[in-house]
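# Structural overview
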Amino acid sequence: MEDKVVLTMRGITMTFPGVKALDHVDFTLRKGEIHALMGENGAGKSTLIKCLTGVHDFEFGEIRVDGIEEPIRNHSTMDAQRRGISTVYQEVNLCPNLSVAENLFIGREPLTKAHTIDRKAIVKRAQKLAEEFELNLDVQQTMGSYSLALQQMIAIARAVDMDCKILILDEPTSSLDDNEVSKLFTLMRRLRDQGVGIIFVTHFLEQVYEVCDRITVLRNGQLVGEYPVTALPRVKLIAAMMGKDIDDLAKIKPEACENRCGDMLIDAKGLGHTGKIKPFDLNIRQGEVVGLTGLLGSGRSELARVIYGADRPQTGTLKVKDKPAHVAQPIDAMKLGMGMLPDDRKAEGIIDDLSIRENIVLAMQAQQGMLKLIPYKEQCEIADKYIALLDIKTASRETPLKQLSGGNQQKVIIARWLATNPDFLILDEPTRGIDIGTKTEIQKLIIKLAEEGKSILFISSEIEEMLRTCNRLAVLRDGEKVGELSGDMTQESVMHAIAGGEKG
Amino acid sequence: MKQIRKITKMRLFLPIFSMVLVMAINMIYDVANGNVFYNFFTISIRNGLLYGRLIDILNRGSEAAILAIGMTLVVSSSAGVDISVGSVMSLAGGMCCMLLAGFGNANVSQYAMPLWVGLLAGLAVACLCGAFNGFLVSYLNIQPMVATLILFSAGRAIGLLMCNSTIVYIREPSFQFLGGYLGPIPTPIIVAILCITVMSLILKYTALGMYVQSVGINAKAARIAGYQSRRIIFTTFVICGLLAGIAGLVATSRIYSADTNNIGLNFELDAILAVALGGNSLGGGKFRLSGSIIGAYTIQAITTTLYALGVSSAQAPVFKAVIVILIVTIQSPAVKAVMAKRAAAKEVAARKGAVGV
């Protein structure tokens, strides 16, 4: 089965300030195949696509397209389109106020002899195109009057009509219902049979197995491997995406909960937020470490955010220490002794222009209120204490936080919460993007906090880390809590629970 | 050399530099004209009152300085500007005069009700305007510029309605106190100093500064850390409104009348410019109150200088614009980057030279 290769990407490397987004990634696309590009958020899928379509300018590497002698380097999406590479995004990038026909030929309108736009030709050619794609619609209606699914197909029709050899579909099914998805798949299969190479980016595992021929998996900006679909069952795919490499960290093991843990601290019943997390029950005892596991986007963060009030719960009740608690916003949760380290450090964690001292006392100050300023001297003492305790590497406590490395920024945020002396701490991906030494420190810290009687809700993409620190795991899938694991948990059992039902 | 670089890197360097530049121009002009004995910096006492250009700058710049305090907070927390402050000044003055004269009276020499009722009512209506702006911005998520555009155009008109569409004169001497003199010192200067002092104390002894800056830098992160962003942005608009009210009362007292069409006209622009000249980013976040205040007085110094140089009041804005362009360009990140690059290149060249020798 020596298929003809239409696209090869070799050694693509791309660095953003502080992170290697892509590290010598290879990718090969053959003629007439649907090739899934898989990986968790931040694995480098989008960056790879953007390097290909000219949105990003990659640093090293080579891209070759069938039919062009030289290696190519696109500088804009227009460039890419000229070379036969078209992209259809999740949000359709067409104009809802123009007609379908106008949208199909926008930017490449056929002209009359007088160099005006030939509207008749546009309509005619659009009708032909619509028939060809078996789209049942009136091309003179505005784009906005059709469903998202149809709009997406129109976008694909436009891409294919521009003589495209490589079609990139970036999360095209996220907002479609089952019926629309199947229509889209029919279209994709037809294009494949016509010889178009299709790159399919999605996070729906089912769909990958339904329509794809081949899978390339990325993790942390590195290529994990390329596999034919038949050679990679679901559990193995999840393993590849999450990474199974067992890091030889010191064996950390939480003490069993039975004797040590205290009374019920958090008792959530039916908490939920439409579109983010379906109603769930969860309880946590004092001194217990509970992990939330599942693929990214399965509702792990959302669950934690609803408890903390970062997203206001729409249903259900929450009891803290057996008392009904009304948590509508983070400050309410903080007054009940909660704290949360959010997963997106940059967007929701750091106040980058403020100093380390200010960032550390931030939450404590919020608890005290605006009128009771923590005296400057006390602020310095608190900051110095945590800089020493967590070994934060900084020139001084007055350094703006943005000048610190990611790991040290993370420690500052942890210090911010430790300073408030919380009973219940939510840690959402505290070890992401952090070197292995700091990772171990944070894991040890979690266990130490639990021994001091604090409860922790821990979220991580690394199963080992969870096994090492958690007494109990709650499993999430597709925005729903589907079960709990405790006792003897192994990597396999957890991954089976994540994948669900399917036999590996 | 190293020390010079250290000084130029200070946050307040440019605002102070701009101020000194304007002063220097005055000095050179005076010396060139032989005005050694009576010059820009002379302060004298005539009839028991302080006179001189410096006093004039401090006096005339009071309203802008008071407005700049509030504007700084609004800019920092919301990354937007309150363009209604000029109109709110006029409205506060109108409200005050309307109450003191009694509605419909255009020229009185006796109060219809106690002075303090009028002043408080003026401040209250200004706070209300601030609350209205704050509500639109923080709870309805309307862009500050658009939200405050409403009162920018309506505020003045409401003031005019209150004054029955005329200029209301209040010829009671005590009404002129706010715009007049306290002993030898012009009262507006004292009012401005009071406002600045109170705000400085608030910033020093409460966490307002941290609240406002955190929300301005990263509202989402601030929320997770327990800050109620909306309430804080709302508060800054109310404070801004209150200060506009104070400035409005001062301006009204100066002319002892509610000339609603002219009080505070274009002052919102001076206030915004003062914040920018003070080295504060209009994109919100970290702020220096002292910078904004120096900025406000710099603007007044430019205006006074131009008048002293004999530029007519009709043409002054053109020269003012030129000077502002210069100052803003010097402070722009693009120019700073070029300067930094040059300095670095020079350093490299110097090092190479040293190695060559």
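Residues numbered from 1 in each chain as written. Chains lettered and ligands numbered in written order. Predicted model: local features only at pLDDT ≥ 70, side-chain atom pairs only at ≥ 80, totals over all residues. Heavy atoms only, no water.

### Focus on the overall build of chain B
Put simply, the test is: Think of it this way: any DSSP run of H or I at least four residues long counts as a helix, any run of E at least two long counts as a strand, and we number them from the N terminus. Every radius of gyration here is taken over C-alpha atoms, with the globule rule written as 2.2 Å times N^0.38, N being the number of residues. Only protein chains enter the area calculation, which uses a 1.4 Å probe; residues under 20% of their type maximum are buried, those over 50% are exposed, and those in between are partly exposed. Contacts between residues were defined by any pair of non-hydrogen atoms, one from each residue, lying within 4.5 Å. Only the protein chains shown count as cover for residues, and all accessible areas are computed by the Shrake-Rupley method using a 1.4 Å probe.
Each helix and strand counted, chain B has 15 helices and 7 strands in total. For 357 residues, the compact-globule estimate of 2.2 N^0.38 gives 21 Å, and chain B sits close to it at 22 Å. With respect to the three principal axes, the spread of C-alpha positions in chain B is 85 × 65 × 35 Å. Within chain B, the proportion of its 357 residues that are buried is 49%. Within chain B, contacts between residues at least 6 apart in sequence are counted, and of these 75% link residues at least 24 apart. Per element, the accessible surface of chain B, about 16900 Å² overall, is 69% carbon and sulfur.

### Details of the sheet that holds strand 5 (residues 85-88) of chain A
To summarise the sheet geometry, strands pair through backbone hydrogen bonds and adopt either a parallel or an antiparallel arrangement. Residues and elements named next belong to chain A. The test is simple: The pairing criterion for strands is at least two bridges between them, as found by DSSP. Note on method: axes are straight lines fitted to C-alpha atoms, helices fitted across the in-contact stretch only, with angles between N-to-C directions ranging 0 to 180 degrees.
Pairing in this open sheet of 6 strands is mixed, and the strands run 5-6-7-3-8-9 from one edge to the other. Of all the strands in the sheet, the pair left with one neighbour each is strand 5 and strand 9 (222-228). Neighbouring strand axes in the sheet, compared pairwise and without regard to direction, differ in orientation by 20° on average. Two strands pair when backbone bridges link them, and strand 6 (residues 166-170) and strand 7 (residues 197-201) are joined in this way by 5 bridges, in the parallel orientation.

### Quick look at the interface of chain A and chain B
For clarity, the cut-off: Buried area: the accessible surface (1.4 Å probe) lost by two parts on joining, summed over both. Salt bridge, as applied in this entry: a Lys or Arg side-chain nitrogen positioned within 4 Å of an Asp or Glu carboxyl oxygen. Nitrogen and oxygen atoms within 3.5 Å of one another constitute a polar contact, given that in protein one can donate a hydrogen and the other can accept it, and given that sequence-neighbouring residues count only through two side-chain atoms.
The interface of chain A with chain B comprises 33 residues on the first partner and 21 residues on the second. Carbon and sulfur atoms supply 65% of the area that chain A and chain B bury against each other, a total of about 2100 Å² over both sides. Linking chain A to chain B there are 1 salt bridge. A salt bridge links Lys286(B) to Glu358(A); the shortest N-O distance between them is 3.9 Å. Summed over the shared surface of chain A and chain B, the number is 8 residue pairs in polar contact (both at pLDDT 80 or more). Broken down by secondary-structure element, the contributors of at least two residues to the side of chain A that touches chain B are helix 10 (300-308), helix 11 (330-335), helix 12 (345-349), helix 13 (356-368) and helix 15 (406-418) of chain A.

### Regarding helix 9 (residues 208-217) of chain B
Buried residues dominate helix 9 of chain B, accounting for 10 of its 10 residues. Burial in helix 9 of chain B covers these residues: Leu208(B), Gly209(B), Met210(B), Tyr211(B), Val212(B), Gln213(B), Ser214(B), Val215(B), Gly216(B) and Ile217(B). Residues of helix 9 of chain B that are buried in the fold lie against helix 13 and helix 14 (376-389) of chain A together with helix 4 (62-78), helix 8 (187-205), helix 10 (219-224) and helix 11 (229-254) of chain B.

### Quick notes on helix 6 (residues 178-193) of chain A
Residue and element names in this part refer to chain A. Inclusion rule: How far a helix is expected to stretch is found by multiplying one less than its residue total by 1.5 Å. Relevant arc is that of directions from the helix axis to the C-beta atoms, nothing else.
Between its terminal C-alpha atoms helix 6 stretches 23 Å, which fits the 22 Å expected from 16 residues at 1.5 Å a residue. When helix 6 is considered as a whole, its buried residues turn out to be Glu180, Val181, Leu184, Phe185, Leu187, Met188, Leu191 and Arg192. When helix 6 is viewed along its axis, its buried side chains cluster within an angular range of 165° and face the same direction. Opposite the packed face of helix 6, turned more than 90 degrees from it, sit the exposed residues Asp178, Asn179, Lys183 and Asp193.

### A closer look at a nonpolar patch on the surface
Residues and elements named next belong to chain B. Put simply, the rule reads: Here, patches come from residues exposed beyond 30% relative accessible area and free of salt bridges, joined within 9 Å for like charges and within 5 Å for nonpolar side chains (Val, Leu, Ile, Met, Phe, Trp, Tyr).
A surface patch of nonpolar side chains, about 470 Å² in accessible area, is lined by Phe17, Leu21, Ile25, Tyr29, Leu309 and Ile330. Of the residues forming the nonpolar patch, the biggest block, 4 residues, is contributed by helix 2 (residues 13-32). Within the secondary structure layout, Tyr29 lies in helix 2.

### Some remarks on unusual backbone geometry
All names here are of chain A. Positive phi values are uncommon outside glycine, yet Lys321 reaches one of about 50°. Tracing the sequence through the fold places Lys321 in the loop between strand 13 (315-320) and strand 14 (323-325). The phi dihedral of Glu429 is positive, around 50°, even though this residue is not glycine. Looking at where Glu429 falls in the secondary structure, it is placed in the loop between strand 16 (424-428) and helix 16 (436-451). Residue Glu429 is classed as buried on the basis of its relative accessible area of 4%.

### Looking at the pattern of salt bridges
Residue and element names in this part refer to chain A. A complete count under the given rule lists 29 salt bridges over all chains for this structure. We note a salt bridge from Asp311 to Lys276, for which the minimum N-O separation is 3.6 Å. In this pair, Asp311 is assigned in the loop between helix 10 and strand 13 and Lys276 in the loop between strand 10 (264-273) and strand 11 (277-285), connecting sequence segments 35 residues apart. Using a relative accessible area of 10% as the deciding quantity, one classes Asp311 as buried. Taking relative accessible area as the criterion, Lys276 reaches 37% and is therefore assigned partly exposed. Glu484 is the partner of Lys481 in a salt bridge, and the nearest nitrogen-oxygen pair spans 2.8 Å. One continuous salt-bridge network, built from bridges that share partners, spans Arg30, Glu33, Arg214 and Glu226.

### Things to note about the nonpolar core
Going by this rule: Take the buried Ala, Val, Leu, Ile, Met, Phe, Trp, Tyr and Cys residues and link them wherever side-chain atoms come within 4.5 Å; each set so joined is a nonpolar core.
The biggest cluster of nonpolar side chains holds 216 residues, and the ones touching the most others in it are Leu167(A), Ile307(A), Tyr308(A) and Leu457(A). Excluding its chain neighbours within four sequence positions, the residues that come into contact with Leu167(A) are Ser86(A), Val88(A), Ile156(A), Ala159(A), Leu191(A), Val196(A), Gly197(A), Ile198(A) and Ile199(A).

### Concerning the environment of Ile299(B)
Residue and element names in this part refer to chain B. Summarising the element assignment, Ile299 is placed in helix 13 (residues 289-308). For Ile299, a relative accessible area of 4% translates into the label buried. When the C-alpha positions of Ile299 and Phe175 are compared, they lie 28 Å apart, and in sequence the two are 124 residues distant. Other than its neighbours up to four places away in sequence, Ile299 contacts Asp270, Leu273, Ala274, Leu277 and Lys320.

### What to know about the pairing of strand 6 of chain A
Residues and elements named next belong to chain A. Counted residue by residue, strand 6 has 5 buried out of 5 residues, so it is predominantly covered. Judged by which residues are buried, strand 6 turns out to be covered on both faces: Ile166, Ile168 and Asp170 on one side and Leu167 and Leu169 on the other are all buried. Pairing of strand 5 with strand 6 involves 4 bridges; the strand directions are parallel. Following the sheet pairing, Val88 is matched in strand 6 by Leu169.

### Description of the sheet that holds strand 15 (residues 338-341) of chain A
All names here are of chain A. Spatially, 6 strands are ordered 15-16-17-12-18-19 in an open sheet, and the strand pairing comes out mixed. The open sheet has two free edges, formed respectively by strand 15 and strand 19 (480-486), since each of these has just one partner strand. Each strand of the sheet is rotated relative to its neighbour by a mean of 20°, with strand direction disregarded. Relative to strand 17 (residues 455-459), strand 12 (residues 289-293) runs parallel, the two being bridged by 4 bridges.

### As for the side chain of Thr47(A)
Tracing the backbone through its elements, the reader meets Thr47(A) in helix 1 (residues 45-53). Those residues in contact with Thr47(A), other than ones at most four positions away along the chain, are Met14(A), Phe16(A), Ala21(A), Leu22(A) and His56(A).

### Section: the pairing of strand 19 of chain A
Residues and elements named next belong to chain A. As judged from the 6 bridges shared by strand 18 (residues 472-477) and strand 19, these two strands associate in the antiparallel manner. If you follow Leu473 over to strand 19, its bridge partner there is Leu485. Linking strand 18 back to strand 19 in an antiparallel pair, the connection comprises 2 residues, with Asp478 at a positive phi of about 45°.

### Structural notes on the confidence of the model for chain B
Just so we agree on the cut-off: For every residue, the predictor states its confidence as a pLDDT score lying anywhere from 0 to 100.
The predicted model of chain B averages 88 in pLDDT, with 93% of residues at 70 or higher. Across the interface, the model reports ipTM at 0.83; the global pTM reads 0.73.

### What about the packing of aromatic side chains?
Residue and element names in this part refer to chain B. So the rule is basically this: Each pair of aromatic rings taken from Phe, Tyr and Trp, with Trp reduced to its six-membered ring, is defined by centres within 6.5 Å and is described as stacked if the planes are under 30 degrees apart, edge-to-face if over 60, and tilted in the remaining cases.
All chains considered together, the criterion is met by 6 aromatic pairs over all chains. Look at Tyr139 and Phe234: their rings are 6.1 Å apart centre to centre, the planes differ by 70°, and that puts the pair in the edge-to-face class. One end of the pair, Tyr139, is in helix 6 (residues 115-139); the other, Phe234, is in helix 11, and 95 residues separate them in sequence. For Tyr139, a relative accessible area of 35% gives the class partly exposed. Taken together, a centroid distance of 4.5 Å and an interplanar angle of 70° make the contact between Tyr211 and Tyr227 edge-to-face.

### A word on the packing of helix 5 (residues 85-101) of chain B against helix 6 of chain B
All names here are of chain B. To be explicit about the condition: These descriptions rest on fixed angle ranges, namely under 35 degrees for roughly parallel, over 145 for roughly antiparallel, 65 to 115 for roughly perpendicular, and the rest for oblique. Rotating anticlockwise by less than a right angle from the far helix to the near helix defines a left-handed crossing, while the corresponding clockwise rotation defines a right-handed one.
It is at 8 Å that the axes of helix 5 and helix 6 come closest, and there the two elements cross at 150°. Relative to helix 6, helix 5 is oriented roughly antiparallel. By crossing handedness, the relation of helix 5 to helix 6 is classed as right-handed. In contact with Val88, Leu91, Ala92, Met95, Cys96, Leu99 and Leu100 of helix 5, helix 6 contributes Leu115, Val117, Gly118, Leu119, Ala121, Gly122, Val125, Ala126 and Cys129.

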